Amino acid sequence: MSQRADASQCGGVVVEFEADDIRDARANRARSMPGSALIYLKGPKFLIYVSGALSMWGDRMWHFAISVFLIELYGRNLLLTAVFGLVVAGSVLLLGALIGDWVDRNPRNKVAHASLFIQNISVTVCSIVLMLVFSYKQRIEQIWDGWLTVVCYTVVIVLADVANLASTALTIAIQRDWIVVITGYNRGHLAGMNATMRRIDQVTNILAPLAVGQVMTLASNVVGCGFILGWNLVSLIVEFFFLSRVYRIVPALSIKPPVLEEDEVYLQSMERRREGNVAQPQPLTEGNCNISLPLKEITDLPLCFRRFRWLVSTCKDGWRAYYRQPVFLAGMGLAFLYTTVLGFDCITTGYAYTQGISGSLLSLLMGVSAITGLMGTVMFTRLRKTYGLVNTGIISSCLHLGCLLLCVCSVFAPGSPMDLSLLMPYITSNSSSELGGMASQRQKHTYPLRGGSNQPLLPDRSSIHWTNNTVLFDNVPSGSAPESYISIILLFLGVITARIGLWSFDLTVTQLLQENICESERGVVNGVQSSMNYLMDLLHFIMVISAPQPQHFGILVIISVLFITTGHTMYFLYAHKAKRKRRLDT
């Protein structure tokens, strides 16, 4: 009432001013909402998300398509696929430390741009070669008595391997280094970005193979190659622009710790070896014969030998740096999780086909597994806020192991094709025939294997377990009802629910590596971590090659659970040491 009276005395001026203030406030709020959205869309986080989505989508399409292309090229034989898998795994295993060291030694923008360019150009050229081979395969086979075909296969495998190495370098640079700097070393923001990137990865892991698979099915392999070629060219331009803008708007990305020259790195490694015999390290001077003599020996060697010596020294120092990290046990625990058949990959899918599970049901289960994977990323962010990062890993480990116990139970449940006679030595022919008769009665619902396995050895490398539509067993009938579905139900129930703890644990270890590795060694340590992941994954394929029958799958399940338990035990040891150190520090 008093305001109205004052307003009437002043001719309504006060009321008019109040109305202007209210309108201005409303207008500012209206402008701030789209303004904040526009700022976010132009911000580094969104640009990294879009760039990562494009890169992951292209990787998923390419890894799925190259596996199918190699099988088609060699007459539906797995030889080329096996060679490709071994080349890819071996190259990352040997060169992982060198790739990480290269990431550490060069400016961030040059590393990202070079990796992006090499990856996309390699895939583009490889797609062109595949299109030519598919279009003129008969003519090519007649040239040089068929040796031109071998040359084309070699070129395809080499280019695909180069693209995979470049993709590894780009993943280390962006997801292990850039993200840490962009978040300003804020643990909460870092956890949010890691979780979002993993959600993007989960979605593209399902949709990208389906998209390129539909193109290849409805059109042809040549059109599929053209589709991938066009995608990579467009993705190269967009990702290059986005990463360049992120580098410009985040000044901290342009600052990296100084890098020593090659000879200095080698000399420092020699000094570290002498630390046990020398009381104090001596500076490098002309009068110091212990240091100057190795330097003279180095400079007297030919350039090629010096380069080779430096490469060997870099690999050795990279593995040493990985071993001395405080999170070494956590990283090793994550690597051990790769030695498993309990994931939605081609091996588990092929086994499900032998147990009478239809393709449509498998597709539905794959979708459910993607949802549980997303639930794991959500659980990680909430657990980290409530219990801390180290305790989040402990909770995730317990949940992962608890769910996998269902898979162990499936081995001995009704409907399992597990043949216990495989675990016993040959004693007598009578006992063997009796056990064989019992096994044959138990295996009425299994199917004989014909042909080779139709799976890519290494479909994907950016996550722990991979999704692929290609199946393990070729020409295996499916759809017949087994005696009991209890075993297969327990198996998939355990695999699907375990993905919640799996992805939460994966994000935990990823952030531990990001937070506890110094900036100057971030690349080389993550490169060695990639090598360890490939090494442990190769063991899992060796297991399958050694025991390929459905009757062996139960043994593989038990071995997988043992490896996973070992990995989580390593993490428990790390968590115990970390908590003990924290108590001592306080």
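Everything quoted here is computed from the prediction, not taken from an experiment. (Residues numbered from 1 in each chain as written. Predicted model: local features only at pLDDT ≥ 70, side-chain atom pairs only at ≥ 80, totals over all residues. Heavy atoms only, no water.)

All right, on to the overall build of the chain then. A tally of helices and strands in the chain yields 20 helices and 0 strands. In the chain, of all internal contacts separated by at least 6 residues, the share reaching a separation of at least 24 is 85%. Counting every atom, the chain has about 27,700 Å² of accessible surface; 65% of that belongs to carbon and sulfur. (Helix = DSSP H or I, 4+ residues; strand = E, 2+ residues; numbered from the N terminus. Contact = heavy atoms within 4.5 Å. Areas by Shrake-Rupley, 256 points an atom, 1.4 Å probe, with all protein chains shown as cover.)

The final tally for this structure, using the stated rule, is 11 cavities of 30 Å³ or more. Taken as a whole, the second largest cavity encloses approximately 80 Å³ of empty space. Along the wall of the second largest cavity there are 13 residues; nearest its centre are Gly58, Asp59, Gln119, Asn120 and Asn232. Where the lining of the second largest cavity is concerned, the elements lending two or more residues are α3 (44-73), α5 (108-135) and α9 (221-249). Element by element, the count of residues in the lining of the second largest cavity is highest for α3, at 5 residues. Its residues assigned to classes, the lining of the second largest cavity shows 5 nonpolar, 6 polar and 2 charged. (1 Å grid on protein atoms, 1.4 Å probe; cavity = no way out; pocket = protein on both sides within 12 Å on 5 of 7 lines; lining within 4 Å. Points joined across faces, edges and corners; volume = space filled by probe spheres on them. Nonpolar A, V, L, I, M, F, W, Y, C, P; charged D, E, K, R; others polar.)

To continue, consider the nonpolar core. Grouped together as the largest cluster of nonpolar side chains are 67 residues, with contacts concentrated most on Leu342, Leu491 and Tyr571. The biggest single contributor to this core is helix α18 (residues 486-516), with 13 residues. Residues within four places of Leu491 in sequence aside, it is in contact with Leu342, Tyr351, Cys407, Ser410, Phe553 and Val557. Counting residues in each nonpolar core, the second largest holds 44 residues, with Val88, Ile140, Ile157 and Ala208 among its members. (Core = buried A, V, L, I, M, F, W, Y, C linked by side-chain atoms within 4.5 Å. Buried < 20%, exposed > 50% of the residue type's maximum accessible area, 1.4 Å probe, protein only.)

On to the environment of Pro414, then. Structurally, the position occupied by Pro414 is in the loop between α16 (389-412) and α17 (429-442). Along the chain, Pro414 and Glu483 lie 69 residues apart, while their C-alpha atoms are 8.0 Å from each other. Among residues more than four places away in sequence, those in contact with Pro414 are Ser484, Ile486 and Ser487.

One pass over the structure, following the stated rule, counts 10 aromatic pairs. Seen in terms of ring centroids, Phe505 and Tyr571 are 5.2 Å apart; in terms of plane orientation they differ by 80°. Their pairing is edge-to-face. With Phe505 in helix α18 and Tyr571 in helix α20 (residues 553-585), this pair connects stretches of sequence that are 66 residues apart. Among the residues examined, Phe505 registers a relative accessible area of 0% and is labelled buried. For Tyr571, a relative accessible area of 0% gives the class buried. Three or more aromatic residues link up through ring pairs in this structure, and these residues are Tyr322, Tyr323 and Phe328. (Phe/Tyr/Trp six-rings, centres within 6.5 Å; stacked < 30°, edge-to-face > 60°.)

Right, let's get into the pattern of salt bridges. In this structure the tally under the stated criterion is 9 salt bridges. Close ionic contact of Asp101 with Arg105 constitutes a salt bridge, the shortest N to O distance being 4.0 Å. With a gap of 4 residues between them, Asp101 and Arg105 both fall in helix α4 (residues 79-105), about one helical turn apart. Note that Asp317 is salt-bridged to Arg320, the shortest N-O span being 3.9 Å. Residue Asp317 and its partner Arg320 are located together in helix α12 (residues 303-323), separated by 3 residues, close to a single helical turn. (Salt bridge = Lys/Arg side-chain N within 4 Å of Asp/Glu carboxyl O.)

Residue-level pLDDT values for the chain average 76, and 73% of them are 70 or greater. Contacts from residues 260-270, a stretch scored under 50 in pLDDT, to residues over four places away or in other chains number 21 contacts. Long-range and interchain partners of residues 425-479, a stretch whose pLDDT sits below 50, account for 138 contacts in this model, where long-range means more than four residues apart. (pLDDT = per-residue confidence, 0-100.)

Here the focus is the side chain of Thr372. Mapped onto the secondary structure, Thr372 falls in helix α15 (residues 359-387). A distance of 2.7 Å separates a polar atom in the side chain of Thr372 from the backbone oxygen of Ser369. Among all residues touching Thr372, those that are not within four sequence positions of it are Ile496, Arg499 and Ile500. (Polar contact = N/O pair within 3.5 Å; in protein donor to acceptor, adjacent residues only side chain to side chain.)

Before going further, it helps to examine helix α8 (residues 187-218). The terminal C-alpha atoms of α8, which comprises 32 residues, lie 46 Å apart, in line with the 46 Å expected from a rise of 1.5 Å per residue. The sharpest bend along α8 measures roughly 30° and falls at Thr204. Its side-chain oxygen placed 3.0 Å from the backbone nitrogen of Gly188, Asn186 serves as the N-cap of α8. (Expected span 1.5 Å × (residues − 1). Bend = angle between axes of the 7 residues up to and from the residue.)

Quick look at the packing of α8 against α9 now. Where α8 contacts α9, the axes come no closer than 7 Å and their chain directions differ by 145°. Considering how the two elements wind past one another, α8 and α9 form a crossing that is right-handed. Across the interface between the two elements, Val212, Val215 and Met216 from α8 touch Asn221, Val223, Gly224, Phe227 and Ile228 from α9. (Axes fitted to C-alpha atoms, helices over the stretch in contact; angles between N-to-C directions. Left-handed = near helix turned anticlockwise from the far one by under 90°.)

Our next topic: the state of the cysteines. For the structure on display, the rule yields 0 disulfides. Unpaired in this structure, Cys403 has its nearest cysteine sulfur neighbour in Cys407, at a distance of 8.7 Å. (Disulfide = S-S within 2.5 Å.)

What follows is about a nonpolar patch on the surface. Nonpolar side chains collect at one region of the surface, where Ile143, Trp144, Trp147, Val150, Val151 and Val155 lie side by side and expose about 590 Å² of accessible area between them. Mapping Trp147 onto the fold places it in helix α7 (residues 147-182). (Patch = residues over 30% accessible without salt bridge, like charges linked within 9 Å, V, L, I, M, F, W, Y side chains within 5 Å.)

As a further point, take the side chain of Arg384. Along the chain, the position of Arg384 falls in helix α15. For Arg384, the contacting residues outside a window of four places in its chain are Arg187, Gly188, Ala191, Leu389, Thr392 and Gln511.

Here Arg248 lies in helix α9. Distance in space between the C-alpha atoms of Arg248 and Asn109 is 9.5 Å, their sequence separation being 139 residues.

Its identity is not glycine, yet Tyr185 carries a phi of approximately 60°, on the positive side. Counting through the fold element by element, Tyr185 comes out in the loop between α7 and α8. Residue class for Tyr185 comes out partly exposed when judged on its relative accessible area of 47%.

Quick look at the packing of α3 against α7 now. Two elements in contact, α3 and α7, have axes separated by 11 Å at closest approach and are oriented at 160°. When the axes of α3 and α7 are compared, the pair comes out roughly antiparallel. The two elements α3 and α7 meet at a crossing, and its hand is left-handed. Residue-level inspection shows Pro44, Lys45, Ile48, Ser55, Met56, Asp59, Trp62, His63, Ile66, Leu70 and Leu73 of α3 in contact with α7, the latter providing Tyr153, Val156, Ala160, Asn164, Ser167, Leu170, Ile174, Gln175, Trp178 and Ile182. For the contact of α3 with α7, the residue count by class is 14 nonpolar, 5 polar and 2 charged. (Parallel < 35°, antiparallel > 145°, perpendicular 65-115°, else oblique.)

Turning our eyes to something else, we now look at the environment of Ile395. Within the secondary structure layout, Ile395 lies in helix α16. Relative accessible area serves as the criterion here: at 33%, Ile395 is assigned to the partly exposed category. Here the alpha-carbon distance between Ile395 and Phe505, two residues 110 residues apart in the chain, equals 8.4 Å. Apart from residues lying up to four places away in sequence, Ile395 is in contact with Leu383 and Tyr387.

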